[in-house]
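What follows is the residue order along each chain.
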Amino acid sequence: MRISRRRLLHSIAATGIGLGTGTLAYGALYERHQLTLARHVITLDACPPALDGLTIGLITDVHHSATLSTDAIDAAVQLLRSAAPDIVALGGDYVSFGDRRFLEPALEHLAPLAHAPHGAFAVLGNHDDERETASAMKRAGLALLRDDRTRLTIRGEPVDIAGLRFWSRRLQELTPVLKGAAPVSLLLAHDPRRVVEADRFGVPLVLSGHTHGGQVLLPGVGAVVGRKFPVLSGVAAQGRAQVCVSRGLGTVYVPVRINCPPDVSLITLRAAPQVRV
């Protein structure tokens, strides 16, 4: 019998399976507030020399709620802005369970990211109400991509930014977004499993969240949930595509992180070394 992430995390909170009260308290009171900047260097075969060193900042899974304050959002925004990314990506789940009380404040506090040199681009997660979040995004000056793609010109080179709805799965939904993208293109998708479609359409890099890094990683066991994903955090390859997954800011079901601190990510693109003949 499969156990859902919700049931398992609730069980951990209720019984402290093999963890002890002290560890749970540490995860609730301390570790979930220990925000880090995760740096990743990703080489793309099609990256031209002009785009070598291009940086993308990624914030995802904010889950603004009674247990994740606007102060925590401000800290994440400040940390990412201090890294001065060229582009900012927002990976979805700005609130939990579509709770509209927290939506406007979450996006207001993320709004400074729109001042990145080449803009901030967002997708929605499975916790986001599409209609209300889209309106709030517009008011915050953030560009929302819903099965859509936009082209930037950076240092004289084309860079495509594509974004998928969380529930888009059918080929007729994906093809107009992903087919024919520029050699250097970024796919924003809340679910990292969209790397399969990126590989199919030749999109070289996916930026995702959704996993929370597993949220609870047990010593000697690892993640108790989320093993269906290609990677829980960091970078993984799928054929011609790579995916970078952030652990995100917030939590769901229980406000606990164990061996899995929150992060914002900074991705640096590198051109593949030139082969001399």
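Check the entry above for the structure.
So, here is what we can say about the structure in this document. Remember, predicted model here, so these are calculated numbers, not experimental data. (Residues numbered from 1 in each chain as written. Predicted model: local features only at pLDDT ≥ 70, side-chain atom pairs only at ≥ 80, totals over all residues. Heavy atoms only, no water.)

## Digging into helix 5 (residues 130–140)
Buried within helix 5 are the following residues: Glu132, Thr133, Ala134, Ala136, Met137 and Ala140. Check the buried side of helix 5 and you find it contacts helix 4 (103–110), strand 4 (120–122) and strand 5 (143–144). (Buried < 20%, exposed > 50% of the residue type's maximum accessible area, 1.4 Å probe, protein only. Helix = DSSP H or I, 4+ residues; strand = E, 2+ residues; numbered from the N terminus. Contact = heavy atoms within 4.5 Å.)

## Observations regarding the sheet that holds strand 13 (residues 241–245)
Spatially, six strands are ordered 6-7-8-9-13-12 in an open sheet, and the strand pairing comes out mixed. Across the chains shown, the open sheet's two edge strands, defined by having one partner strand only, are strand 6 (148–154) and strand 12 (234–238). The sheet shows a mean angle of 20 degrees between the axes of neighbouring strands, taken without regard to direction. Summarising the sheet, strand 7 (residues 157–163) and strand 8 (residues 185–188) pair through four bridges and their orientation is parallel. By the bridge assignment, Gly163 is partnered in strand 8 with Leu188. Its contacts with the sheet place helix 6 (residues 171–178) against strand 6, strand 7 and strand 8, and it is angled at close to 15 degrees to strand 6. (Pairing = 2+ DSSP bridges. Axes fitted to C-alpha atoms, helices over the stretch in contact; angles between N-to-C directions.)

## So, the sheet that holds strand 1 (residues 36–44)
Sheet architecture is open: six strands sit in the order 1-14-2-3-4-5, paired in mixed fashion. Pairing within the sheet leaves two strands with one partner each, and these edge strands are strand 1 and strand 5. Summarising the sheet, strand 2 (residues 55–59) and strand 3 (residues 87–90) pair through four bridges and their orientation is parallel. By the bridge assignment for strand 3, Gly57 is matched with Val88. Across the sheet, helix 3 (residues 70–82) touches strand 1, strand 2, strand 3 and strand 14 (263–271), and the angle it forms with strand 2 is around 170 degrees.

## Remarks on the packing of helix 3 against helix 4
Close contact between helix 3 and helix 4 brings their axes to 9 Å; oriented N to C, the two are set at 25 degrees. The angle between helix 3 and helix 4 falls in the class roughly parallel. When you trace helix 3 past helix 4, the crossing you get is right-handed. On helix 4, the residues touching Thr70, Ile73, Asp74 and Val77 of helix 3 are Pro105, Ala106, His109 and Leu110. Considered class by class, the residues forming the contact of helix 3 with helix 4 number five nonpolar, two polar and one charged. (Parallel < 35°, antiparallel > 145°, perpendicular 65-115°, else oblique. Left-handed = near helix turned anticlockwise from the far one by under 90°. Nonpolar A, V, L, I, M, F, W, Y, C, P; charged D, E, K, R; others polar.)

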